[in-house]
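Structural overview
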Amino acid sequence: MKKKLFVVIALVLVASMVLAACSTATPVPAETEAAATVAAATEAATATEVATAAASSEPVEITFWHTYNEDGSEAKLLNETLIPQFEAAHPNIKVNSVTVPYDNFREKLLAAISAGDAPDLIRTDIIWVPELADKGALAALDQVMPDFADLKSAVYEGPLSTNLWKDHYYGLPLDTNTKVWLYNQDLYKKAGIDAAPATMDDVEADCQKIKAVDPNAYVFAADGLYSWVTLPFVWSFGGSITDDKITTADGYLNGAQTVAAYEYLLKLYDEGCIAPVIMGDGVDVFTGFASGTYASTDNGPWSYSILNNQFPDFKFSAAMFPAGTAGSIDIVGGEDISMTAGSKHPEEAMEFIRFLESKDYQLQMMGVGQMPVRNDLANTDEVKNHPYLGIFFQQMATSKARTAHPAWSQMDTIITDAGQFIFRKEKTPQQALDEAAAQIDALLK
Amino acid sequence: MKTKRIIRETIITILLCVAALTTVIPFLYMISTAFKGQVFVFEVPPQFIPKNPTLQNFIAAFASNNFGRYFLNSIIVTVIAVLSILLLASMMAYALARYQFVGRKFIYGLVIFFMTMPAMSLIVPQFIVAHTLQLTDTLAGLIVLDVAQNLPFAVFLLKGFLEDIPKEIEEAAIIDGASPWSIYMHIVVPLCKPALATSAIIAFLGAWDEFVWASTITNSPQNRTLPVAIATFQGVHTTNWGLVFAASLIAIVPVLIMFISLQKYFVKGMVAGAVKG
Amino acid sequence: MLSSPAFVIQDEKMRTKTARDTLTAYLFLLPGLIMLMVWLVYPMFSALNISLRDWNIMPGAVSPFIGLKNYLTAFQDDFFWLSLKNTSVYALVTVVGQLLFGLLVALMLEKITRGKVFFRTLFYLPVVTSWVVVSLLFKFLFNSSSAGLVNYFLVDILHVISQPVSWLTEANTAFVAIDTLGIWKGVGFSMIIFLAALQTIPEELYQVASMDGASEGQILRYITLPMLVPTIAMVTVMLTIGAFQTYIPVALITKGGPLHRTEFVISYMYSLAFNDLKFGYSSAMAYLLAAIVFGISRIQMRFTRRDSAVG
């Protein structure tokens, strides 16, 4: 009797396991409905939300993912001042602010979305928006926010454009940034250099002067061969990754000017002007900069809070990025604020977005080095009197954004790898870039 | 003869000292760096004794928003996981060692099989299961996997240990009419103390240092454990090595305490398990 | 005779007892078994299912069945073969290293009378230290600049090389760092096992040998080592299985770079799943790895059986 019972139980267990294994192929019903169409989903959610909000008096909790380091000044301002300010004005909304380290942000987000665990709001790097939008992960704000037109007109075109994919806007710009030439003025003076280099040739000349006083110093340091590092050089030399319409890289990534840019960098590296840490390991940029080993670096506004925190005695100056034949062109960085397509509290999330776009928020964040995206702040006292953002605004006028395409992450890897092949002398710049262009063309099809 | 032996022993001791030194130097340098400010971390020549020793890294580690929380999370997860493993493994080992039943060989085979399977191979489906059970980004999610992964070896150890123990006491208890559960609780478990201690230590180490699963399913800082926290101290722009090592030292302390005080159980058990192979 | 009432009743009692035993056993097994079923057995089947599909991670999306295509992709993937080669070389180097040094240290410890526990504890410290901590530590020690401790030793103290080595930016030198870590971390473990095994060698053998005039070297060669062969074989299997599961040092020290040249099978498999979101392909690779590890351990275990049967 008992034996039979056992057999039955065992069979049931095995059968249920087999069934479960097979059913992972078919989607869970609830989620299929939710993912039907982005617009429909958010509309449905909005309708339910309005009903629930009216019905319950419990504060709604929305989750907000960002990459602000927990100990940094941005996180402190956000968590200790700005969010409480918002919550006080909106007692029915509670904001759960979560730090997710930049290194894993994209992967964790995609994993969370796939698991149905996505946060309501994300402060996403501008380069990920097309990919996330293409995957159906983001809500089209121009369709769900009735006041989108107003919000749109309040921000700069450039950063706004990073949210555009297939004729819809999947976010709003949150903060922007660019890089400038930071340099160790004392070291420059000691080497007999009066001013920051105005051109690429000046950089080479400066290198020789610095090496004359300290053979162990380098004129330039960066921590890798990512596009974030090399594109300012590429663009200043007049090169580019693709054509304007993003249809092909052939003739652009491997065009004469881009090749010239990489040849220039390789030459500097071979002459000992660029620190070896560009290959991926060594003394990191900020430590080397602060200790006088690296004379200059191309870096963003965060440098000020990092250097002031970790190396309070170190003094440095800022200048425009050295100009190549096409001018002084640096790179646009920054973050957008997006709402996920499956957010269960879209109304509250959108309220928070409005707060993030407000003058008050933007100006307060500027205090900790976040460049505002609103176009009506340029003449305010806060901007004019900011201790260090002035030069960044100046550089921003000519800065370019990276390719807005869902495959950008892979394109970035291809470009970085090409740089590695070049610096390892495994391929000539032309060869490496020819192959990279071909690989990117395959992605653009 | 005696002199020869003394000389030989001295030479060997010296050699062992050299070997021990090479083993320990990395730790010494880590301790030294934990007391250095960022400016001195890459000083040339590297100093074993910091010029301006500072406690700022340790202070920063403790003061850093959630470090106490990470420590607490690690303790909660590890303690619960270890206790669960001891309970479940001893129950399974008891059944496997003392009872004859259909499927005994199969189940034990399953246990051995999973001991040899690369633990990380199943991470993708395990991740999906965790989501289905709504265990992603929770401490419970960490606990269950720590248990599942350390269970096979614990069962293996305990079963082997039990099989070497004579059954007379238990058989006497059966004749006296004791229930299986009370035999298990009052006779078997106390008899297994050494093996339980060994399993506890191994499971403790496994759970305390668990990194891959934790970094895969944890998103919120509230649910982070120490290994994940230490790995994320590597910054995007710069790595504060002094802070990394200060935090690491703090994380190592419980392990060292446990290891040094329970050393003999550990050694005995590892050996027993391994030699029985 | 066999059908007499006494036998029948006895038989009945036996069957009831067996059934009761089975039930009891399963009750004791149940909680642990559930754990194993949910988190190990089911995922094993699920991984197979995933590996046979072009798995789409978005909720609600369809994951079409593609048969063995993912497995074929692995066979044609140069990076897979490279990662397999890297893992195998690592396993070879670190297993041999741990065996060698572990044995050496154990033999030396046997010969001293004082300080055994002290040394044993020191050598065991790396074994009980977290992989995360020691990986970061070795990344720091092998830093490519002249301030890295290893570079400093080689250039300024031992004067073996004139320029600091850029350890982690080149695959071959990065492997030196990773392999050194692997050996350093594991020596204490095999040492402990060998120490115990050495205890089991009967004193008489040594006494007889030295009375016969055998030298230290001869004793080692003809008595100690042969007696240790089963242990060596068993430790080899354990260490090999462990070596093939290496992930944390690769992930933290080189991240598989540069250019994916330092990937191990598990690190490559993990990045396929969680960086490139190729769950299907990753699961196929996981199965291949499990099969390889299983195969290797089976082969090694066969050697163990044979030896202990003979010796």
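What you see is a predicted model; the values in this text were computed from it and never measured.

1. As for the interface of chain B and chain C
Taken together, the contact pairs 71 residues of chain B with 73 residues of chain C. Mapped by element, the contributors of at least two residues to the side of chain B that touches chain C are α1 (2–34), α4 (67–98), α5 (104–116), α6 (123–132), α7 (139–163), α11 (212–217), α12 (226–232) and α13 (241–276) of chain B. With 13 residues, the top contributor of residues to the side of chain B that touches chain C is α1 of chain B. Split by residue class, the side of chain B that touches chain C holds 59 nonpolar, nine polar and three charged.

2. Concerning the sheet that holds strand β9 (residues 317–319) of chain A
Residue and element names in this part refer to chain A. As summarised here, the arrangement of the three strands in space is β8-β7-β9, forming an open sheet in which the pairing is antiparallel. Strands with a single pairing partner mark the edges of an open sheet, and in this sheet they are β8 (296–299) and β9. Ignoring strand direction, the axes of neighbouring strands in this sheet form an average angle of 30 degrees. Taken together, the three bridges between strand β7 (residues 180–183) and β9 define a ladder with antiparallel strand orientation. If you follow Y183 over to β9, its bridge partner there is S317.

3. Some remarks on the domain arrangement of chain A
Residues and elements named next belong to chain A. When the domains of chain A are assigned, the result is domain 1 (37–176 + 333–396) and domain 2 (180–330 + 407–444). Relative to domain 2, the C-alpha centre of domain 1 lies at a distance of 31 Å. When contributions to the side of domain 1 that touches domain 2 are tallied by element, the ones reaching two or more residues are α6 (129–134) and α19 (389–396). Each residue belonging to the side of domain 1 that touches domain 2 can be placed in one class, and the counts come to eight nonpolar, six polar and two charged.

4. Things to note about helix α6 (residues 149–157) of chain C
Burial in α6 of chain C covers these residues: L149, V150 and N151 of chain C. Buried residues along α6 of chain C sit in contact with α1 of chain B together with α5 (131–141) of chain C.

5. Considering the interface of chain B and chain A
Chain B puts 20 residues into the contact, and the matching count from chain A is 24 residues. Every element with two or more residues in the side of chain B that touches chain A is listed here: α2 (38–41) and α6 of chain B. Top element by residues in the side of chain B that touches chain A is α2 of chain B. It accounts for three residues. Looking at the side of chain B that touches chain A residue by residue, the class counts come to six nonpolar, 13 polar and one charged.

6. Looking at the domain arrangement of chain B
Residue and element names in this part refer to chain B. Along its sequence, chain B is carved into domain 1 (2–54) and domain 2 (61–276). Here domain 1 and domain 2 have C-alpha centroids that lie 33 Å from each other. Looking at the side of domain 1 that touches domain 2, the elements with two or more residues in it are α1 and α2. Among the elements that line the side of domain 1 that touches domain 2, the one with the most residues is α1, at four residues. The class makeup of the residues in the side of domain 1 that touches domain 2 is four nonpolar, three polar and one charged.

7. Describing the packing of α5 of chain C against helix α7 (residues 171–199) of chain C
Between two packed helices, both the angle of their axes relative to each other and the distance between the axes serve to describe the pair. Residues and elements named next belong to chain C. Where α5 meets α7, the axes come as close as 10 Å, and the angle between the chain directions of the two elements is 135 degrees. Judged on the interaxial angle alone, α7 and α5 are oblique. Where α5 crosses over α7, the handedness of that crossing is right-handed. Counted together, V134, S135 and F138 of α5 and A177, L181 and K185 of α7 form the full contact between these two elements.

Parameters at a glance
Residues numbered from 1 in each chain as written. Chains lettered and ligands numbered in written order. Predicted model: local features only at pLDDT ≥ 70, side-chain atom pairs only at ≥ 80, totals over all residues. Contact = placed C-beta atoms within 7 Å. Helix = DSSP H or I, 4+ residues; strand = E, 2+ residues; numbered from the N terminus. Nonpolar A, V, L, I, M, F, W, Y, C, P; charged D, E, K, R; others polar. Pairing = 2+ DSSP bridges. Axes fitted to C-alpha atoms, helices over the stretch in contact; angles between N-to-C directions. Domains from an automatic or database assignment. Buried ≥ 20, exposed ≤ 12 C-beta atoms within 10 Å, placed from the backbone. Parallel < 35°, antiparallel > 145°, perpendicular 65-115°, else oblique. Left-handed = near helix turned anticlockwise from the far one by under 90°.

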